[in-house]
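Residues per chain, in single letters:
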Amino acid sequence: MNLHAIRAIYLYEMARTGRTLLQSVVAPVVTTSLYFIVFGAAIGTRIAEIEGVVYGAFIVPGLIMLMLLTQSVSNASFGIFMPRFTGTFYEILSAPVSAFEIVVGYVGAAATKSVILGLIILATAGLFVPLRIAHPGWMLGLLVLTAVTFSLLGFIIGIWAEGFEQLQFVPLLVITPLTFLGGTFYSIDVLPPAWQTVTLFNPVVYLVSAFRWSFYGIADVQVGASLAVTLAFLAAGLAAAWWIFRTGYRLKA
Amino acid sequence: MHPIISISKLSKTYATGQQALRNVDLEIRRGEIFGLLGPNGAGKTTLIGAVCGIVRPSAGSVSVGGHDIVREWRAARTLIGLVPQELTNNAFDSVLGTVRFSRGLFGKPPDPARLQQVLEELSLWERRDSRVMTLSGGMKRRMLIAKALAHDPQVLFLDEPTAGVDVELRQGMWQAVRRLREAGVTIILTTHYIEEAELVADRIGVINHGEIVVVDDKAALMQRLGRKQLTLELQAPLDALPPALAARGLALAAGGRELVYSYDAQAEASGIADLLGELEQTGVGFRDLRTTQSSLEDIFVDLVRQRR
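Draft legend 1. Geometry of the packing of helix 3 (residues 95–105) of chain B against helix 4 (residues 112–121) of chain B. Residues and elements named next belong to chain B. In the contact formed by helix 3 and helix 4, the axes pass within 11 Å of each other and the chain directions differ by 120°. What the angle tells us is that helix 3 and helix 4 run oblique. Crossing geometry of helix 3 relative to helix 4 is assigned as right-handed. Along its contact with helix 3, which presents Leu 96, Val 99, Arg 100 and Arg 103, the element helix 4 presents Leu 115, Val 118 and Leu 119. For the contact of helix 3 with helix 4, the class distribution of residues is 5 nonpolar, no polar and 2 charged.

The following block contains the structure:
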């Protein structure tokens, strides 16, 4: 195992965050805080509680999940896309570093950033809405698992993308709509039965549901099912990454 | 001595159907400077890419330091440093940061003193905290060399290292290359400036249409394939060659004011003495003479033309 290489990639990516602090950290925190202010402190007081949780607090897990998913995908995809775009990826390909080590370095850094961001947003939310965390261990575990899974997805997108437009396509046009329709702002119980069934095909529902359960002990779907979906997603991502490096897809001529 | 790089029957056909390498056999000796020459699109960069793990060979095998690049890829790649042709860089990094990254990537523990030494040797230490984007073209090129040297490789590939570098820096770069050779590093360089290969390389290989056309010691190559010419400046211009001289393969040049005699420098008898006697007999006088020898560039151009 080339631990020095993993460390080098990880530190390099973390340093990139340091150079782009406004874009990487401040912007997502401010954006999410606006949701808390509008839906929590302003409109939220006029919306009825959902299963005993005030609306402002109810949407916190979903909003953290929204930011976690989009930032994980963006961070990881940008991290691997830029060396491809600038041509510096030759160095990674020619180095004594395995596919697994490359993935650990890039995905590890992207996931770390997302987790830190998630925790900052959580702390910020506490300033605007009354929060309680019923299962802090599970909350942290789900945060890390989701960050890793979607950073892996971002890594794959970063290798697949041939331009900046494709890079933005998934976070903006796939992840965000799925998250908005995945129970971030409502419980899927409020939907008509037919739409509830349709919604269950949205993988983000499982993530938001489990994460909300870790806060308030309430869930739209069983926690076990959520965990299984997330792990299946992670396994699919790992398989895709393995295939990419085995075949050299978009990496080697 | 075992070669440090052994390439056997290496072929590469791209997905487009373009055959970039055809059954390449090549051995690079430990500690030498090997000049790999070839016209654009000849397969130089593909060959380097295949050895370094960037290009997947279609057939054949390569070993570096006795390690097969497929089965023992980690050990093989640890020995290699690569300076690419393009000035690729992470524009927002610091010089020291990007060199430090390269060292770690190749599995070496942090060693600030060694990195300082590498940057000082390449006159970049003063700019260690500068962003890469603020460096001049020559500095960026040297930074790429510093990145390639950061993990102390035994083999260094320099793909067009002096492209876009001014004369003074170029000379400094070749001095650095010679120092590396003295330190035991094997260097494989490609360059369009053939006079540079002639200046620094110990051996020369010419590749064309994906095939190795010739490999030899530089001196032997120039002696074997080079030609010598004797040019005689005539006292009076000639309209045509006297039949006796024409039979010797002489040619008139400079509007009949010069006679040019090409001969094989390796032959036992150059025929110059006979020629001078013949000139005297035919009454063709000359007031000066000079000899010239083919440069490596002449040989290279001849080899490439022959195989078009």
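Draft legend 2. Representation of the domain arrangement of chain B. You can read the domains of chain B as domain 1 (5–223) and domain 2 (227–294). Look at where the C-alpha atoms of domain 1 of chain B and domain 2 of chain B centre, and you get two points 45 Å apart.

Draft legend 3. Broad picture of the nonpolar core. Judged by nonpolar contacts, the single largest core of 142 residues is most densely connected at A:Tyr106, B:Val64, B:Ala146, B:Phe157 and B:Ile187. Broken down by element, the residue count for this core peaks at 16 residues, all from helix 3 (residues 55–86) of chain A. Beyond its immediate stretch of four places on either side in the chain, B:Ile187 contacts B:Ile33, B:Phe34, B:Leu156, B:Leu158, B:Val177, B:Leu180 and B:Arg181. Of all hydrophobic cores here, the second largest spans 5 residues; its members include B:Leu232, B:Leu245, B:Leu250 and B:Tyr261.

Draft legend 4. Representation of the packing of helix 3 of chain A against helix 7 (residues 164–180) of chain A within the structure. Residue and element names in this part refer to chain A. Their axes nearest at 10 Å, the elements helix 3 and helix 7 cross at an angle of 165°. Our classification of the angle between helix 3 and helix 7 gives roughly antiparallel. In the crossing of helix 3 with helix 7, the sense of the turn from one axis to the other is right-handed. Taken together, the residues of helix 7 that come into contact with helix 3 (itself represented by Met 65, Leu 66, Leu 69, Thr 70, Val 73, Ser 74, Ser 77, Phe 78 and Phe 81) are Leu 167, Val 170, Pro 171, Ile 175, Thr 176 and Thr 179.

Draft legend 5. Expanded view of the environment of A:Gly87. With respect to the element layout, A:Gly87 can be found in the loop between helix 3 and helix 4 (89–94). Sequence separation between A:Gly87 and A:Ala123 is 36 residues; the distance between their C-alpha atoms is 39 Å. In this structure, A:Gly87 is in contact with B:Glu86 and B:Thr88, ignoring residues within four places of it in sequence.

Draft legend 6. Representation of the interface of chain B and chain A. Taken together, the 26 residues of chain B in the interface contact 22 residues of chain A. Among the secondary structure elements, those contributing two or more residues to the side of chain B that touches chain A are helix 2 (73–78), strand 6 (80–83) and helix 3 of chain B. For the side of chain B that touches chain A, the element with the most residues is helix 3 of chain B, which contributes 5 residues. Its residues assigned to classes, the side of chain B that touches chain A shows 12 nonpolar, 9 polar and 5 charged.

Draft legend 7. Region of the structure containing the sheet that holds strand 6 of chain B. Residues and elements named next belong to chain B. Across the sheet, 6 strands lie side by side as 6-7-8-3-9-10; this open sheet has mixed pairing. At either end of the open sheet lies a strand with only one pairing partner, and these are strand 6 and strand 10 (211–217). Along the sheet, successive strands turn relative to each other by an average axial angle of 15°, direction set aside. Taken strand by strand, helix 1 (residues 44–52) contacts strand 3 (33–37), strand 6, strand 7 (155–159), strand 8 (186–190) and strand 9 (203–208), and its axis lies near 150° from that of strand 7. Sheet contacts for helix 8 (residues 218–225): strand 9 and strand 10; angle to strand 10, the most-contacted strand, approximately 105°.

Draft legend 8. Spotlight on the confidence of the model for chain B. In the predicted model, chain B carries a mean pLDDT of 86, and the fraction of residues at 70 or more is 97%. Of the two predicted TM-score estimates for the complex, the pTM is 0.80 and the ipTM is 0.82.

Draft legend 9. Region of interest: the pairing of strand 10 of chain B. All names here are of chain B. Sheet topology places strand 9 next to strand 10; 6 bridges connect them, and they run antiparallel. Looking at strand 10, one finds that Val 206 is bridged to Val 214. Linking two consecutive strands that pair antiparallel, namely strand 9 and strand 10, is a turn of 2 residues; a positive phi of about 50° is found at His 209 within it.

Draft legend 10. Up close: the sheet that holds strand 13 (residues 258–263) of chain B. All names here are of chain B. With antiparallel pairing, 4 strands are arranged side by side in an open sheet as 12-13-11-14. The open sheet has two edge strands, strand 12 (251–253) and strand 14 (286–293), and neither has a second partner. Put simply, the sheet's adjacent strands are angled 25° from each other on average, direction ignored. Inspection of the sheet shows strand 11 (residues 228–234) paired to strand 14 by 7 bridges, in the antiparallel sense. Counterpart to Leu 234 in the pairing with strand 14 is Phe 286.

Draft legend 11. Here's a closer look at the environment of B:Gln85. All names here are of chain B. Structurally, Gln 85 can be placed in the loop between strand 6 and helix 3. For the pair Gln 85 and Leu 144, spaced 59 residues apart in the sequence, the C-alpha separation amounts to 9.8 Å. Non-local contacts of Gln 85, meaning those with residues more than four positions away in its chain, are made with Thr 45, Asp 159 and Glu 160.

Draft legend 12. Representation of the pairing of strand 2 (residues 19–28) of chain B. Residues and elements named next belong to chain B. Looking at chain direction, strand 1 (residues 5–13) and strand 2 are connected through 6 bridges and run antiparallel. Along strand 2, the bridge assignment pairs Lys 12 with Leu 21. Two successive antiparallel strands, strand 1 and strand 2, enclose a turn made up of 5 residues, where Gly 17 displays a positive phi of approximately 95°.

Draft legend 13. View of unusual backbone geometry. Residues and elements named next belong to chain B. For Lys 9, which is not a glycine, the phi torsion comes out positive at approximately 50°. Among the structural elements, Lys 9 can be located in strand 1. Of note, Glu 160 is a non-glycine position whose phi angle comes to about 55°, a positive value. The topology assignment puts Glu 160 in the loop between strand 7 and helix 6 (167–182). The class of Glu 160 is partly exposed, set by 19 C-beta atoms lying within 10 Å.

What counts and how
- Residues numbered from 1 in each chain as written.
- Chains lettered and ligands numbered in written order.
- Predicted model: local features only at pLDDT ≥ 70, side-chain atom pairs only at ≥ 80, totals over all residues.
- Axes fitted to C-alpha atoms, helices over the stretch in contact; angles between N-to-C directions.
- Helix = DSSP H or I, 4+ residues; strand = E, 2+ residues; numbered from the N terminus.
- Parallel < 35°, antiparallel > 145°, perpendicular 65-115°, else oblique.
- Left-handed = near helix turned anticlockwise from the far one by under 90°.
- Contact = placed C-beta atoms within 7 Å.
- Nonpolar A, V, L, I, M, F, W, Y, C, P; charged D, E, K, R; others polar.
- Domains from an automatic or database assignment.
- Core = buried A, V, L, I, M, F, W, Y, C linked by C-beta atoms within 7 Å.
- Buried ≥ 20, exposed ≤ 12 C-beta atoms within 10 Å, placed from the backbone.
- Pairing = 2+ DSSP bridges.
- pLDDT = per-residue confidence, 0-100.

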